[in-house]
Amino acid sequence: EAPKVDVRPMVEWEPMRSIVMQYPGGYSGYTDVTQSFVDIAKHSLTVAEVWFIVDGQQAINTLRSKLQAEGVSQDVLDTKLKFLTTQIDSIWFIDSGPLPVISLADGTFAFTDFRYYHQRPIDDGISTLLGRKLPELGQESVTSTYRMPLSVEGGTFQATEDGICITGNRQ
């Protein structure tokens, strides 16, 4: 018999409080890349908050001004668009970001933080940092973050609501 656990991974299609993306300011010169981030944020802001992890004021200025030019209201920008400024290695938040796990008992969440590429040590710490900085993003409190003894690119992990987990052979 399989061991019983009291958590399950969050799945992609569940309702979310926020959409989180990582945007280095150096990308502001790449028009198509920046426009992709702006398009995702613009549409996401209609249903959730959008949190950007950025490396400085240049990224904040670029994203805010482009979203405003796209017709996003000042009220939405002030209330639903949030920034966490820290050092970052890349834009690949889905690969290095946390995998939320949901408590079966009460629906609360925690983060799992899998090991990420050794050549991207800053991104490897983003999950733990995000868990600690949630109050700065308007959340009630920090959340627990559990460091996992596995190297996993988050984009290669999928799960179903009934606990089936799928990943690639590299994992």
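Scroll up to find the structure.
A few points about the sheet that holds strand E5 (residues 99-103)
Overall, mixed pairing links the four strands, which are arranged E1-E5-E6-E7 in an open sheet. Each having just a single partner strand, strand E1 (7-9) and strand E7 (145-151) make up the two edges of the open sheet. On average, each strand axis in the sheet is inclined to that of its neighbour by 35 degrees, with strand direction left out of account. Packing against the sheet, helix H6 (residues 126-133) makes contact with strand E6 (109-115) and E7, and its axis sits at approximately 160 degrees to E6.

Comments concerning the sheet that holds strand E4 (residues 81-85)
Across the sheet, three strands lie side by side as E2-E3-E4; this open sheet has parallel pairing. Looking along the sheet, the strands with just one partner apiece sit at the ends: strand E2 (18-23) and E4. Here the strands of the sheet are splayed against their neighbours by 20 degrees on average, with no regard to which way each runs. In this structure, E2 lies alongside strand E3 (residues 49-54), joined through six bridges in parallel fashion. Within E3, the position partnered with tyrosine 23 by the bridge is valine 54. On top of the sheet, helix H1 (residues 31-44) reaches E2 and E3; it is set at about 165 degrees to E2, its chief contact. Along the sheet face, H6 touches E2, E3 and E4 and points at about 120 degrees away from the line of E4.

Side note on the environment of threonine 46
Along the chain, threonine 46 falls in the loop between H1 and E3. A distance of 2.6 Å separates the side chain of threonine 46 from the backbone oxygen of histidine 43, its partner in a polar contact.

A word on H1
The first and last C-alpha atoms of H1 sit 20 Å apart over 14 residues, in line with the 20 Å expected at 1.5 Å per residue. Turning to H1, its buried residues are Thr34, Phe37, Val38, Ala41 and Ser44. Summarising the axial view, the buried residues of H1 lie within an arc of 135 degrees, below the 170-degree limit, and thus occupy one face. Turned more than 90 degrees from where H1 packs its buried face, Thr31, Asp32 and His43 sit exposed. Packed against the buried residues of H1 are E2, E3 and helix H2 (57-69).

Description of the pairing of E6
Of all the seven residues making up E6, five are buried; the element is thus mostly covered by neighbouring parts of the structure. With four bridges joining them, E5 and E6 adopt antiparallel strand pairing. The residue bridging isoleucine 102 from the neighbouring strand is phenylalanine 109, located in E6. Linking two consecutive strands that pair antiparallel, namely E5 and E6, is a turn of five residues; a positive phi of about 80 degrees is found at glycine 107 within it. Examined bridge by bridge, E6 and E7 share five bridges and lie parallel to one another. Each residue of the ladder has a partner; that of threonine 112, found in E7, is tyrosine 146.

Examining the layout of surface pockets
If you add up the space inside the largest pocket, you get close to 1000 Å³. Lining the largest pocket are 35 residues, and of these Met10, Met16, Phe93, Pro98 and Pro100 lie nearest its centre. Elements that contribute at least two residues to the lining of the largest pocket include exactly E2, helix H4 (93-96), E5, E6 and strand E8 (158-159). Its residues placed into classes, the lining of the largest pocket shows 25 nonpolar, eight polar and two charged. Approximately 520 Å³ is the volume attributed to the second largest pocket. Taken together, 25 residues line the second largest pocket, and the ones lying closest to its centre are Val7, Arg8, Pro9, Val101 and Thr112.

Conventions we followed
- Residue numbers restart at each chain and count upward from 1, following the sequence in its written direction.
- Residue-level local features of this predicted model are given only where pLDDT is at least 70; pairs of side-chain atoms are given and counted only at 80 or more, and the full residue set underlies all totals for whole chains, interfaces and linings.
- Note: side-chain values were computed over all heavy atoms of the structure, leaving out hydrogens and water.
- At least two bridges found by DSSP between two strands is the condition for calling them paired.
- Think of it this way: any DSSP run of H or I at least four residues long counts as a helix, any run of E at least two long counts as a strand, and we number them from the N terminus.
- The convention used is that axes are lines fitted to C-alpha atoms, helices contributing only their stretch in contact, and that angles between N-to-C directions extend from 0 to 180 degrees.
- Any two residues whose heavy atoms approach within 4.5 Å at even a single point are treated as in contact.
- Any pair of nitrogen or oxygen atoms within 3.5 Å is treated as a polar contact; in protein, a donor-acceptor pairing is required on top of that, and neighbouring residues in sequence qualify only through side-chain atoms on both sides.
- For a helix, the expected span equals 1.5 Å multiplied by the number of residues minus one.
- Burial status follows relative accessibility: with a 1.4 Å probe on protein chains alone, a residue under 20% of its type maximum counts as buried, one over 50% as exposed, and anything between as partly exposed.
- In this description, the arc belongs to the directions extending from the helix axis to the C-beta atoms.
- Lining residues are defined by having an atom within 4 Å of a point belonging to a cavity or pocket. Those points lie on a 1 Å grid over the protein atoms alone, cavities being sets where a 1.4 Å probe fits but cannot get out and pockets being open sets with protein on both sides within 12 Å along at least five of seven lines.
- Grid points are joined across faces, edges and corners, and a volume is the space filled by probe spheres set on the points.
- Charged means Asp, Glu, Lys or Arg here, nonpolar means Ala, Val, Leu, Ile, Met, Phe, Trp, Tyr, Cys or Pro, and polar covers whatever is left, Gly included.

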